[in-house]
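Coordinate inspection notes
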Amino acid sequence: MTFSTHYSVLIAGRVVVGLAVGAASMVVPIYIGELAPKEVRGRLVTLNVLAITGGQLIAYLIAWALADVHNGWRWMFAVSAFPAVVQLCCLPWLPESPRVLIRRGQEDKARAILRRVYGSKVPESLVEDELASVHQSMRTENASRYRDLLRTINLRPLLVACMLQLMQQFSGFNTAMYYSATILKMAGFSSTKSATQFSIAIAATNMVMTIVAILIIDRFGRRRLLLVSFVGMIVGLVLLGIAFIFIVGLVKITKDSCGEYVKCGACALDDRCQWSPGSMLCANNGNSMYSDLTTSCESITTRDKAGTWMALASLIFYVALYAVGLGNVPWLVQSEIFAQGIRSKAGSIATATNWTSNFIVSVTFLTMTLHITASGTFWLYAGILLVGLCLVYLFVPETKGLKLEDVQQLFMGGGIRPYRRKAAAVTPKNVDEDDSAGGHSPSSLLSHTQRHREVAVGATSARAGDEIDDRPLISR
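Residues numbered from 1 in each chain as written. Predicted model: local features only at pLDDT ≥ 70, side-chain atom pairs only at ≥ 80, totals over all residues. Heavy atoms only, no water.

Attention now moves to the overall build of the protein chain. Within the protein chain, the secondary structure is distributed over 20 helices and two strands. Buried residues in the protein chain amount to 50% of all 476 residues. Taking all contacts inside the protein chain whose residues are at least 6 apart in sequence as the whole, residues at least 24 apart take part in 72%. (Helix = DSSP H or I, 4+ residues; strand = E, 2+ residues; numbered from the N terminus. Buried < 20%, exposed > 50% of the residue type's maximum accessible area, 1.4 Å probe, protein only. Contact = heavy atoms within 4.5 Å.)

Turning next to the nonpolar core. Formed by 65 residues in total, the largest nonpolar core has its most connected members in Leu-164, Leu-226, Phe-230, Tyr-318, Ile-337, Phe-378 and Val-392. The leading source of residues in this core is helix 11 (residues 222-248), at eleven residues. If you look at the next biggest cluster of nonpolar residues, it comprises twelve residues, including Leu-35, Leu-101, Ile-113 and Leu-126. (Core = buried A, V, L, I, M, F, W, Y, C linked by side-chain atoms within 4.5 Å.)

A few words on the pairing of strand 1 (residues 273-276). Two faces, one strand: in a regular strand the side chains alternate between the faces of the sheet. Burial of the side chains of strand 1 extends over both faces: Cys-273 and Trp-275 are buried on one face and Gln-274 and Ser-276 on the other. Across four bridges, strand 1 lies against strand 2 (residues 281-284) in antiparallel orientation. Paired with Ser-276 across the strands is Leu-281, a residue of strand 2. Between strand 1 and strand 2, which pair antiparallel and follow one another directly, the connecting turn spans four residues, one of which, Met-280, has a positive phi of 55°. (Pairing = 2+ DSSP bridges.)

It is worth spelling out the packing of helix 7 (residues 152-170) against helix 15 (residues 343-371) at this point. Interaxial distance between helix 7 and helix 15 falls to 8 Å at its minimum, and their mutual angle equals 20°. As summarised for this structure, helix 7 and helix 15 are arranged roughly parallel, according to the angle between their axes. Relative to helix 15, helix 7 is oriented so that their crossing is right-handed. Residues Leu-158, Ala-161, Cys-162, Gln-165, Leu-166, Gln-168, Gln-169 and Phe-170 of helix 7 form the contact with helix 15, whose participating residues are Ala-346, Ile-349, Ala-350, Thr-353, Asn-354, Ser-357, Asn-358, Ile-360 and Val-361. Looking at the contact of helix 7 with helix 15 residue by residue, the classes come out as ten nonpolar, seven polar and no charged. (Axes fitted to C-alpha atoms, helices over the stretch in contact; angles between N-to-C directions. Parallel < 35°, antiparallel > 145°, perpendicular 65-115°, else oblique. Left-handed = near helix turned anticlockwise from the far one by under 90°. Nonpolar A, V, L, I, M, F, W, Y, C, P; charged D, E, K, R; others polar.)

Once that is clear, we can look at unusual backbone geometry. At Thr-373, a residue that is not glycine, the phi angle is positive and equals roughly 75°. You can see Thr-373 is positioned in helix 16 (residues 373-395). Of the residues examined, Thr-373 reaches a relative accessible area of 8% and is grouped as buried.

This part is about a nonpolar patch on the surface. On the surface, Val-231, Val-235, Val-238, Leu-239, Ile-242, Phe-317 and Trp-379 cluster together to form a nonpolar patch covering roughly 500 Å² of accessible area. Ranked by residue count, the leading element in the nonpolar patch is helix 11, at five residues. With respect to the helices, strands and loops of the structure, Trp-379 is situated in helix 16. (Patch = residues over 30% accessible without salt bridge, like charges linked within 9 Å, V, L, I, M, F, W, Y side chains within 5 Å. Areas by Shrake-Rupley, 256 points an atom, 1.4 Å probe, with all protein chains shown as cover. Salt bridge = Lys/Arg side-chain N within 4 Å of Asp/Glu carboxyl O.)

Here Ile-245 lies in helix 11. Sequence separation of Ile-245 and Gly-376 is 131 residues, and the distance between their C-alpha atoms is 9.8 Å.

Our focus in this paragraph is the environment of Ala-311. Its place among the elements puts Ala-311 in helix 13 (residues 302-326). Between the C-alpha atom of Ala-311 and that of Leu-237, which follows or precedes it by 74 residues, the distance is 9.5 Å.

Before going further, it helps to spend a moment on the pattern of salt bridges. Counted by the stated rule, this structure contains eight salt bridges. Asp-108 is the partner of Arg-111 in a salt bridge, and the nearest nitrogen-oxygen pair spans 3.2 Å. Separated by three residues within a single helix, Arg-111 and Asp-108 lie in helix 5 (residues 107-118), roughly one turn from each other. For Asp-108, a relative accessible area of 61% translates into the label exposed. Between Arg-111 and Glu-128 there is a salt bridge, and its shortest N-O distance comes to 2.7 Å. Within this pair, whereas Arg-111 is found in helix 5, its partner Glu-128 is found in helix 6 (residues 124-139), the two being separated by 17 residues in sequence.

Structural data, given as structure tokens:
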């Protein structure tokens, strides 16, 4: 794309990059989830999301720095190739997933990699227990074709993963990132450049709150973070819609003529129009009747200024709550809930759901702001999130502290009810206490293994529906 001389070449390059990004977005969380010890799996998968959000922030900064450079867009594409080159050079040193090696019959290599992952001080019994768990899981798995995903034990986690990926995109977050400068210009910021500067602040918020998620996700839990994230995003979107009523009114943003605009923010957004601060009117570009025409809204009323800053604060709050939960938990849960035999197939479907939803939201956002107003668009996203909140409460289990082979037990049984941890899926209290020390000694890791063996005795009764706690997780 850097050296493209024709639009078709640029599009072809973008298609290739898109295929690569789509494949990586599916493979990387699964790879990390299979390789990482269960005590730190959440933090490591979320670390991948941090790399993405950090990259977005760097991209915003580079785009802003090169905005006025001749052929700056070529330099933007050239710089984007650098991280890919670094990753390509590092690939030979990455170990294969132990679960993949076991499926290939290379158990000795899998054992060696597990020793590298856990460290030399970890007892051999822990490594052997991990290998035994993978073998047991593989013996009970028969799904190897896409049609086997329709089996209940596979379909339920697949629907959960697809629902979370759908909600991640239908929350409207990527529109906030893709069109943040446009949204802020709608909100009354004086110029595209100033709006772009504030969009950098939004990207920085996304990265900082992803760091917060890394620090708390293995302690707070996936499900609780999702519930908090959904509630906070709904509040943020409702407030954002209210702010836009102050700024542009509850009207369609684009009018047939400039004279129909009564708000500076809406007038400045239309390329045909400019605002007259002295007359407080919107007129066509270059209208000789007005000598003070501008696209800046610096002279807006106190009420409109309050709406502008309310819009920025709401957008930052919305992004912060997204980053701490919905931005990373779907990828983490997707890497945990599928059985080994269907993990790649189910993961590809869930990832395809994410990118398809991303496309739909991206191409419809600006059109919806024209037809149902900006406020209506944000409230529509809030309504979708409200539905998602109910679905998460009913169907998404807590997978914190469980082996990948144990997570499948969470999807046994039926019925629609708030999800509760069953006996086979309970993590003893002192696991979290050991984790809080910031590390895992050989003795603590061994005790975790012994406790999971003891808990596994209750698996049969758990499948029958026995529960150890009849309170919904959200109320604990």
